[in-house]
Amino acid sequence: MKTIITELLGIEYPILQGGMAWVANASLAGAVSNAGGLGIIAAANAPVEVVREEIRKTRELTEKPFGVNIMLMSPFVDDIAKLVIEENIKVVTTGAGLPTKYMKDWTAAGITVIPVVPSSGMAKMVQRSGASAVIAEGGEAGGHIGELNTMPLVPQVCDAVDIPVIAAGGIADGRGIAAAFMLGASGVQLGTRFLVARECTIHQTYKDKILTAKDIDTMTTGKRLGHPVRALKSPFTRAFLKNENDCTKSIEELEAFGSGALRKAVQEGDNKNGCFMAGQSSGLVKKEQAAEEIIQELIAQTKEVLSGGIKWVK
Ligand code: TUI
């Protein structure tokens, strides 16, 4: 399944694995890359040496291309921006902000930069600063999200820029991938589906929550903080929302309440205090599988859907 994205990245299938904070490590990224997609290591809020270690481990696991996701709100972002150049990383994706100030150095180092954008205006801005493609991510996605949803966002981003567009947010099976192509995307990025990959090292409780989730089981919190986050409904998200709606609680108190909650979900499977970030597609994810199996199933279903045509009434 060749598209402009498989050619740009030197991969077999136009499927990227989202750079999920605390989740997307060498084990997951290496497995996705070996399966023909683009595995991505999440730098998240981690210090440089931790990320360097994951990059080196990934190189031991695969000879295929992989990327690093840089979370632009990280306190270590300037150092991570240098690290990817030092480590000769070929593909960088960014999230939670605009990477403008790093673009010159990255492109000069020959890095293919693919920012996540939540709007067509931001897509135009990153195109102007030298991005090779954009990931248009709708609010169906897990984690930190923008305002627009995937269905209206992707075609508007496609109209706004000349560089290739990768769709993300709400995609977990071949039907979603086929739909993304219909909207004009030439690739997709999936996070939630890869949370339950066998090579994904998150706590089993996290995986079980995804596997049993229904369509209505995610919610967003953090709007008052200016960065809404989608996660599975849980005691934590309900308590956060209550605090958020309590105007006596300051922004600092809310930040402090949320701090460390994702780590507690990923490492400890902490049902009470953990924030289990996940997308609305959680309800579509029904079994734990090897990354290779996930990708093969996604591609087979995409081809089936695309060749099946539309079910018109005769
Ligand atoms: O970045 C993500 N998803 C994330 S980052 C993350 S770590 C975190 N945890 C708690 C609070 C905040 C972050 C967990 N999940 N997805 C990519 C993404 N980027 N979605 C939306 C955006 C985005 C938002 C604003 C991209 C650019 C942007 O620009 C705004 C500006 O003015 O800088």
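This write-up is about the structure you can find in this document.

Reading guide: rules and limits
- Every chain begins its residue count from 1, and numbering advances along the sequence as written.
- Reporting of local features is limited, given that this is a predicted model, to residues whose pLDDT is at least 70; pairs of side-chain atoms are given and counted only at 80 or more, and all residues count toward the totals for whole chains, interfaces and linings.
- Side-chain figures throughout are based on the complete set of non-hydrogen atoms in the structure, without hydrogens or water.
- Residues are counted as near a molecule or strand when any one of their heavy atoms sits within 4 Å of it.
- Polar contact is the term for a pair of N or O atoms within 3.5 Å; when the atoms are in protein, one must be able to donate a hydrogen and the other to accept it, and sequence-neighboring residues count only if both atoms are side-chain atoms.
- The method behind every accessible area is Shrake-Rupley, applied with a 1.4 Å probe, and residues are considered shielded solely by the protein chains displayed.
- Residues are grouped as follows: nonpolar covers Ala, Val, Leu, Ile, Met, Phe, Trp, Tyr, Cys and Pro; charged covers Asp, Glu, Lys and Arg; every other residue, Gly included, is treated as polar.
- Pairing between two strands requires that DSSP report at least two bridges joining them.
- Every helix listed is a DSSP run of H or I at least four residues long, and every strand listed is a run of E at least two residues long, numbered separately from the N terminus.
- We call two residues in contact whenever any of their non-hydrogen atoms come within 4.5 Å of each other.
- Convention adopted: a line fitted to C-alpha atoms gives each axis, helices being fitted over their contacting stretch, and angles between N-to-C directions are expressed from 0 to 180 degrees.
- Reported orientations rely on four angle classes, namely roughly parallel under 35 degrees, roughly antiparallel over 145, roughly perpendicular from 65 to 115, and oblique for the rest.
- Should the near helix be turned anticlockwise from the far one by less than a right angle, the crossing is left-handed, and should it be turned clockwise, the crossing is right-handed.
- Classification of residues uses two cut-offs on accessible area relative to the type maximum, computed with a 1.4 Å probe and protein chains only: under 20% is buried, over 50% is exposed, and between them is partly exposed.
- Note that the arc is computed from the directions linking the helix axis to the C-beta atoms.

1. So, the site of the ligand
Near the ligand, the surroundings consist of 14 residues, among which Ala96, Val116, Met122, Glu137 and His144 are the closest. Note that a nitrogen atom of the ligand is positioned 3.0 Å from one of the side-chain N or O atoms of Glu137. In the model, a nitrogen atom of the ligand is placed 2.9 Å from a nitrogen or oxygen of the His144 main chain. Contact with the protein chains covers 75% of the free accessible surface of the ligand, which is 710 Å². Tallied by class, the residues present in the shell around the ligand amount to eight nonpolar, five polar and one charged.

2. Some details on the sheet that holds strand S11 (residues 229-232)
An order of S7-S11-S10 is seen for the three strands of this open sheet, with the pairing classed as antiparallel. Both edges of this open sheet fall to strand S7 (143-144) and strand S10 (218-221), since each of them pairs with a single strand only. Pairing of S10 with S11 involves four bridges; the strand directions are antiparallel. Across the sheet, the residue bridging to Met219 is Ala231, located in S11. Each of S10 and S11 is contacted by helix H11 (residues 235-245), which is oriented at about 35° to S10, the strand it contacts most.

3. As for the packing of helix H3 (residues 48-61) against helix H4 (residues 77-86)
Remark: H3 packs on H4, axes separated minimally by 10 Å, with the N-to-C direction vectors making an angle of 30°. As far as their axial angle goes, H4 and H3 are roughly parallel. H4 is crossed by H3, and the crossing has right-handed handedness. Where H3 abuts H4, its residues Val48, Val51, Arg52 and Ile55 lie against Asp79, Ile80, Leu83 and Glu86. Among the residues forming the contact of H3 with H4, the class breakdown is five nonpolar, no polar and three charged.

4. Focus on helix H13 (residues 261-268)
Residues of H13 that are buried include every one of Ala261, Leu262, Ala265 and Val266, and no others. One face of H13 carries all of its buried residues, which in axial projection span an arc of 130°. Packed against the buried residues of H13 are helix H10 (204-212), H11 and helix H12 (251-258). Downstream of H13 by one or two residues, Gly269 has phi in the positive range, about 60°.

5. Quick word on the sheet that holds strand S3 (residues 66-71)
The eight strands lie next to each other as S1-S9-S8-S6-S5-S4-S3-S2, forming an open sheet whose pairing is parallel. Among the strands making up the open sheet, the edge pair consists of strand S1 (15-17) and strand S2 (39-42). For this sheet, the mean inter-axis angle between neighbouring strands, taken without regard to orientation, is 25°. Here four bridges tie strand S6 (residues 134-137) to strand S8 (residues 165-168), and the two strands are oriented parallel to one another.

6. Digging into unusual backbone geometry
Positive phi is not limited to glycine here, since Trp22 has a value of about 70°. With respect to the helices and strands, Trp22 occurs in the loop between S1 and helix H2 (26-34). For Trp22, a relative accessible area of 47% gives the class partly exposed. A positive phi is found at Asn88, a non-glycine position, where the angle reads about 60°.

Read these as spatial facts, not as claims about activity.
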